[in-house]
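The primary structure of each chain is shown beneath.
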Amino acid sequence: MTDSLPGILRRYVTALLVPLLLSASLASAELSLQPLEPTRPGRVSLAVRGADLAEVMEMLSRKERVNILLADGVDGQVSVNLYDVDLDEAIKSIAAAAGFAIERRNNTYFVVDRDEVGKHAPGGPTQLRTFKVQYSDPEAVADILENHLSSYGKITALPERRLLVVEDMPHFLNRITRLLRQIDQQPRQILIEAKILEIGLRDGESYGLDWARLFNYDSGDGAFGVRGLSNPGSPGLFFDLVTPNIEVFLDSLRARDRLRTLSTPKILALEDQEAETIIGDRLGYNVTTTIDNVTTTSVEYLESGVILKVKPSVDGEGRVLLDIHPEVSSGTVSDDGIPNQTTTEVTTTMLVESGQTAFIGGLIKHSTQETREGVPVLGDLPVIGLVFSNRAINSVNTELVVLITPYVVDRKAVALDGMQTERVRKEEVDLERNARRISEHFEGMTYMKESLRRELDKDSTAPSD
């Protein structure tokens, strides 16, 4: 049904007079509600400059017939220019321009201070969401994410539950979700195979074996570097990739009983986490501490033996960066409780491909051995046994060699292997069931065959009429 002409004129006059009346009431500000062009229902066009916030909200409340309440202490001036925007967006934009926030409860808008949003009732611009931190430190992640929250945002870490409680605006919550997905990624696993070898040196090899010839022989590739040794011709401590020449040479040393294997550990380590293997002893000793005339005694331990510490990480191209610390040591604790340690160790960093073997050599160790030789039986007699025996002290030089091979574990390949293993297991179960059915079937046929044979034998022996 169409409106009558007086009704159309009444609405048109009202639309023109209301902004003029409101403008007259705001003598100190320039305020105009601009229906210069017809706007859609629920849309607002507004231009104000230096107007009081309470008066602007009152104007919107009257024109759009919506409840808008201002909290105590909410005042100030605002200048905005809005054109054909949603009413909800217009109210929030005007409040934000004045430095305040909006809480909506049912059909009522509350203009409050930003610090008071969500404290007394729900309906503010923020939402609450929890995030599970799977692999990283929750407190460290919370410190990172705190820099990417809005002015409304708050974050609380629960380290014992590995949870983050975040309150913020929806857009920032989505941003936190994407950022956390990038930070808290599943770390890769690296399988590290190591060999710690000890090579006996001869008299002419006091500076160690000349490994450079093995790298450069027969077009071999490799590099080496002197590490402060007095002999410039010695390769010293160096690391490089193993060539077939090295493997053949080590086999020849083993065949001549000059090579001894100290340890062959295999470690499955997480990326950027240090893994450690110790084959040796822990010697305890007392440590006394006095603070403010209060003396406390604690027990500490001296670790010695074959120790390998490795911290791997994987770059974007799948190469493995290794922080390596191999150590071969021996320790004692004196009667006075003072620890002493003799060690051969090195700390280095190298970058290798997955599956390639890294070589560390040139670690020279000097030790002495006391030997006793004598006439059997007579040499073991007290006092006079010294006449029939001889003691000698020999100097022994050895070189420590470490071979390390990292393998990056492919998660997809592991999952595929797991699926194939499960499929094979199911097929084995099916085969066992089929074999059981076939066996039962043959047992039934055998029983029927025996029964038929007995019946035939019975018929053949029965007297004929």
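For the structure itself, consult the block above.
The rules behind the values
Position labels on residues start from 1 in each chain and follow its written sequence. Only residues with pLDDT of 70 or above have their local features reported here, since the model is predicted, and side-chain atom pairs are shown and tallied only from 80 upward, although totals for entire chains, interfaces and linings are computed over all residues. Just so you know, side-chain values use all the structure's heavy atoms and leave hydrogens and water out. Helix and strand definitions follow DSSP, with helices as H or I runs of at least four residues and strands as E runs of at least two, each counted in order from the N terminus. Exposed residues in this analysis have more than 50% of their type's maximum accessible area, buried residues have under 20%, and partly exposed residues fall in between, with area computed by a 1.4 Å probe over protein chains only. Contacts are residue-level and defined by heavy atoms, with any inter-residue pair within 4.5 Å sufficient. To measure how exposed things are, a 1.4 Å probe is used in the Shrake-Rupley method; for residues, cover is taken only from the protein chains shown. Note on terminology: a nonpolar core comprises buried Ala, Val, Leu, Ile, Met, Phe, Trp, Tyr and Cys residues joined through side-chain atoms within 4.5 Å. Angles here are taken between N-to-C directions and fall from 0 to 180 degrees, while the axes themselves are lines fitted to C-alpha atoms, restricted in helices to the stretch in contact. For this classification, under 35 degrees means roughly parallel, over 145 means roughly antiparallel, 65 to 115 means roughly perpendicular, and everything else is oblique. Charged residues are taken to be Asp, Glu, Lys and Arg, nonpolar residues to be Ala, Val, Leu, Ile, Met, Phe, Trp, Tyr, Cys and Pro, and polar residues to be all remaining types, Gly included. What makes two strands pair is DSSP finding at least two bridges between them.

Draft legend 1. Structural context of the overall build of the protein chain. Helix and strand counts for the protein chain come out as eight helices and 20 strands. Looking at the protein chain residue by residue over its 465 residues, the buried ones come to 31%. Within the protein chain, contacts between residues separated by at least 24 positions form 62% of all contacts whose residues are at least 6 apart in sequence. With an accessible surface of roughly 30200 Å², the protein chain has 51% of that area assigned to carbon and sulfur atoms.

Draft legend 2. Expanded view of the nonpolar core. Judged by nonpolar contacts, the single largest core of 26 residues is most densely connected at Ile196, Leu308, Leu322, Ile324, Met350 and Ile404. Of all elements in the fold, only strand 10 (189-200), strand 13 (266-270), strand 15 (294-314), strand 16 (320-333), strand 18 (348-352), strand 19 (358-374) and strand 20 (389-408) reach the threshold of two or more residues within this core. Each residue touching isoleucine 324, except ones within four places of it in the same chain, is listed here: Leu308, Lys309, Val346, Thr347, Thr348, Met350, Ile360 and Ile404. Core analysis: the second largest hydrophobic core is formed by 25 residues, Leu53, Val66, Ile94 and Phe100 among them.

Draft legend 3. Quick peek at the packing of helix 2 (residues 53-64) against helix 3 (residues 87-97). Interaxial distance between helix 2 and helix 3 falls to 11 Å at its minimum, and their mutual angle equals 170°. Taken together, helix 2 and helix 3 sit at an angle that is classed as roughly antiparallel. Note on element contacts: helix 3 touches helix 2 through Leu87, Ile91, Ile94 and Ala95, opposite Leu53, Val56, Met57, Leu60 and Glu64. Its residues assigned to classes, the contact of helix 2 with helix 3 comprises eight nonpolar, no polar and one charged.

Draft legend 4. Structural detail: the sheet that holds strand 9 (residues 163-168). Spatial strand order, 7-9-8: three strands in an open sheet with antiparallel pairing. Bordering the open sheet on either side are strand 7 (127-132) and strand 8 (154-158), each of which pairs with just one other strand. For this sheet the average axis-to-axis angle between neighbouring strands, irrespective of direction, equals 15°. Where strand 7 meets strand 9, six bridges bridge the pair, whose relative direction is antiparallel. Across the sheet, lysine 132 pairs through a bridge with leucine 163, a residue of strand 9. Of the strands in this sheet, strand 8 and strand 9 touch helix 4 (residues 138-145), which is tilted by about 170° from strand 8. Against the sheet, helix 5 (residues 170-183) makes contact with strand 7 and strand 9, and its axis sits at roughly 5° relative to strand 7, the strand it touches most.

Draft legend 5. Looking closely at the pairing of strand 9. As paired strands, strand 8 and strand 9 are joined by five bridges and run antiparallel to one another. Counterpart to leucine 158 in the pairing with strand 9 is leucine 163. Where strand 8 folds back onto strand 9 in an antiparallel hairpin, the turn is made up of four residues, including arginine 162, whose phi is positive at roughly 55°.

Draft legend 6. The sheet that holds strand 3 (residues 67-70), seen in detail. One open sheet accounts for three strands, arranged 3-6-5; its pairing is mixed. Unpaired on one side and paired on the other, strand 3 and strand 5 (100-105) mark the two borders of the sheet. In this sheet, neighbouring strand axes are inclined to one another by 25° on average, regardless of whether the strands run parallel or antiparallel. Pairing analysis gives four bridges linking strand 3 to strand 6 (residues 108-113), with the strands arranged parallel. Following the sheet pairing, leucine 70 is matched in strand 6 by valine 111. Packing against the sheet, helix 2 makes contact with strand 3, strand 5 and strand 6, and its axis sits at approximately 165° to strand 3.

Draft legend 7. Region of the structure containing unusual backbone geometry. A positive phi angle is found at arginine 162, which is not glycine, with a value near 55°. Structurally, the position occupied by arginine 162 is in the loop between strand 8 and strand 9. A positive phi is found at aspartate 272, a non-glycine position, where the angle reads about 65°. Relative to the helices and strands, aspartate 272 is located in the loop between strand 13 and strand 14 (275-291).

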